[in-house]
Structures are given as structure tokens and as C-alpha cells.
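# Close look at the chain arrangement
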Amino acid sequence: MWFALTLSKSERTRAHIVEQAALLFNQQGYAGTSMSDLMVATGLKKGGLYNHFPSKDDLALAAFDYAIAHMQKQFREAIRGKRHAIDRLLAILRVYEHMAEQPPLPGGCPILNTAIESDDTHPALRDRTCSALNQWRHLMKRIISKGIQRGELSETVEAEQVATVLISTLEGAVMMSKLYEEDSYIHRAIAHLETYLQQLRPPP
């Protein structure tokens with residue numbers, strides 16, 4: 001609240017535009033969201049939108065950053081206070097477990113949604129999505145690498161391989177749960193990954 005009070009009127013308007021655009025893009029997609037949709041959601045006319053963002057592309061990038069910030073906040077809160085590598089990774093699984101029912105933004109995982117849509121049609125947004133996914137991978141790899149160093153994970157564990165397996169399985173399960181409107185897919189995936197993570201412990 002204090003932060004909001006320190007913003008100028010222009011900054012508050014810009015933040016409002018970004019928030020509403022993020023909600024629309026994550027539910028309807030970039031291509032499926034028209035300027036008219038954005039005008040209705042923000043309560044601004046087209047000139048008011050362009051006064052803050054030169055183009056729809058610029059707004060899409062800002063909205064994606066906003067969505068990713070919300071997602072990253074959930075993960076930071078989940079792992080806070082947990083030191084063991086497996087506990088930290090299990091906490092991340094818990095975030096995904098609720099993503100189908102309670103996504104960081106309505107519409108599901110913004111990385112998954114944007115990666116699918118921006119593959120060939122929006123190079124700048126695709127690059128931004130790659131950057132977000134890289135940050136996500138690097139976080140997991142850091143957790144795993146520290147776990148190996150501390151003896152919490154087996155020395156034979158490969159951080160890149162484990163991070164790839166976790167992310168691919170989780171994002172695929174989120175996609176299936178969303179597509180079929182059935183949470184069992186993400187629950188099955190997480191149950192499998194829980195067993196998988198326990199197998200990464202060093203031998204007794």
C-alpha cells in the first residue's frame with residue numbers, strides 16, 4: 001500500500017494497464033486479445049494506452065514480465081526457510097500441484113502459455129520467454145548443485161538432467177490438467193517426481 005501511494009498518477013495508470021493486460025494475455029493469448037479488449041479491461045481509450053506503450057508488442061513484454069514476477073514470488077515463498085535440497089525441490093512441486101486450480105494468474109502457467117503462442121509469431125516475446133525459463137532452470141540447477149556439494153544428493157546426479165526432467169514433467173502435466181480440466185494428471189506427475197527425487201539421495 002505504501003508503495004502504491006508513492007507512485008505518480010502516470011505510474012499507477014501504467015501499472016494498472018500492465019496488470020489488466022497480463023490477465024487478458026494469459027487467458028486469451030496475445031493474438032486473441034484485441035485493443036478493444038484492452039480498452040474495456042483498463043477503462044482507457046486507445047490513445048490512453050498508446051500514451052504509455054508505443055505498441056501492443058511493448059505492452060505484451062511488460063505484461064509477461066509482470067506475470068513472471070508473480071510466478072517467481074510463489075516459488076521464492078515456497079522454498080523460503082528450507083535448506084535441504086530435496087525439501088526445496090519438493091516445495092516447488094507443491095506450487096505446481098495447485099497451479100491447475102490456483103494459477104499465479106488466471107489462465108495457467110504464463111511460461112507455458114506464452115511459449116506455445118510466441119514460438120514463430122512473436123520473436124521478442126519468445127526471447128523473453130526463453131529468458132524466464134532459463135532463470136527457472138538455473139534456480140533448480142543451483143538447488144541441485146548445492147545439494148550435491150553438501151552431500152544431500154548423490155555425486156552421480158546431473159543438475160541439468162534433473163532440472164530438465166522436473167520442468168518438462170511439471171509443465172506437461174499442467175498442460176494436460178488444463179486441457180482435460182482434470183487435476184489427476186498433475187497429481188500423478190508429482191507423485192512420480194516425489195519418488196524420483198527421493199532416489200537422488202546418496203547411498204547409505
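Residues numbered from 1 in each chain as written. Predicted model: local features only at pLDDT ≥ 70, side-chain atom pairs only at ≥ 80, totals over all residues. Heavy atoms only, no water.

This part is about the packing of aromatic side chains. Under the definition given, this model contains five aromatic pairs. Cation over ring: Lys56 sits above Tyr30, and NZ or CZ is 4.5 Å from the ring centre. In this structure, Arg188 packs its charged tip against the face of Tyr185, placed 5.4 Å from the ring centre. (Phe/Tyr/Trp six-rings, centres within 6.5 Å; stacked < 30°, edge-to-face > 60°. Lys NZ or Arg CZ within 6 Å of the ring centre and 35° of its normal.)

Our next topic: the nonpolar core. One broad rule of soluble globular proteins: the nonpolar side chains tend to lie buried together. Core analysis: the largest hydrophobic core is formed by 44 residues, its most contacted members being Ile92 and Tyr96. Mapped by element, the contributors of at least two residues to this core are helix H5 (56–79), helix H6 (85–97), helix H7 (110–117), helix H8 (123–149), helix H9 (159–180) and helix H10 (184–198). Excluding anything up to four places from it in sequence, Ile92 contacts Phe75, Ile79, Trp136, Met140 and Ile143. Formed by 17 residues, the second largest nonpolar core is a distinct cluster that contains Ile17, Phe25, Phe53 and Leu105. (Core = buried A, V, L, I, M, F, W, Y, C linked by side-chain atoms within 4.5 Å. Buried < 20%, exposed > 50% of the residue type's maximum accessible area, 1.4 Å probe, protein only. Helix = DSSP H or I, 4+ residues; strand = E, 2+ residues; numbered from the N terminus. Contact = heavy atoms within 4.5 Å.)

Turning our attention to the state of the cysteines. Tallying each qualifying case throughout the model produces zero disulfides. Just so you know, Cys109 is unpaired, no disulfide at all, and the nearest cysteine sulfur is the one on Cys130, 14 Å from it. Classification of Cys130 as partly exposed rests on a relative accessible area of 34%. (Disulfide = S-S within 2.5 Å.)

Let's shift gears to the pattern of salt bridges. What the rule picks out here adds up to five salt bridges. Beyond isolated ion pairs, a larger network of salt bridges with shared partners links Arg94, Glu97 and Glu194. (Salt bridge = Lys/Arg side-chain N within 4 Å of Asp/Glu carboxyl O.)

Below, the discussion takes up a positive patch on the surface. Residues Arg83, Arg142, Lys146 and Arg150 make up a contiguous surface patch of positive charge. Here Arg142 is to be found in helix H8. (Patch = residues over 30% accessible without salt bridge, like charges linked within 9 Å, V, L, I, M, F, W, Y side chains within 5 Å. Areas by Shrake-Rupley, 256 points an atom, 1.4 Å probe, with all protein chains shown as cover. Lys, Arg positive; Asp, Glu negative; His and termini not counted. Charge placed at Lys NZ, Arg CZ, Asp CG, Glu CD.)

Further remarks concern a nonpolar patch on the surface. Judged by side-chain polarity, Met175, Met176, Leu179 and Tyr180 come together as a nonpolar surface patch covering roughly 400 Å² of accessible area. Relative to the assigned elements, Met175 resides in helix H9. Of the residues examined, Met175 reaches a relative accessible area of 36% and is grouped as partly exposed.

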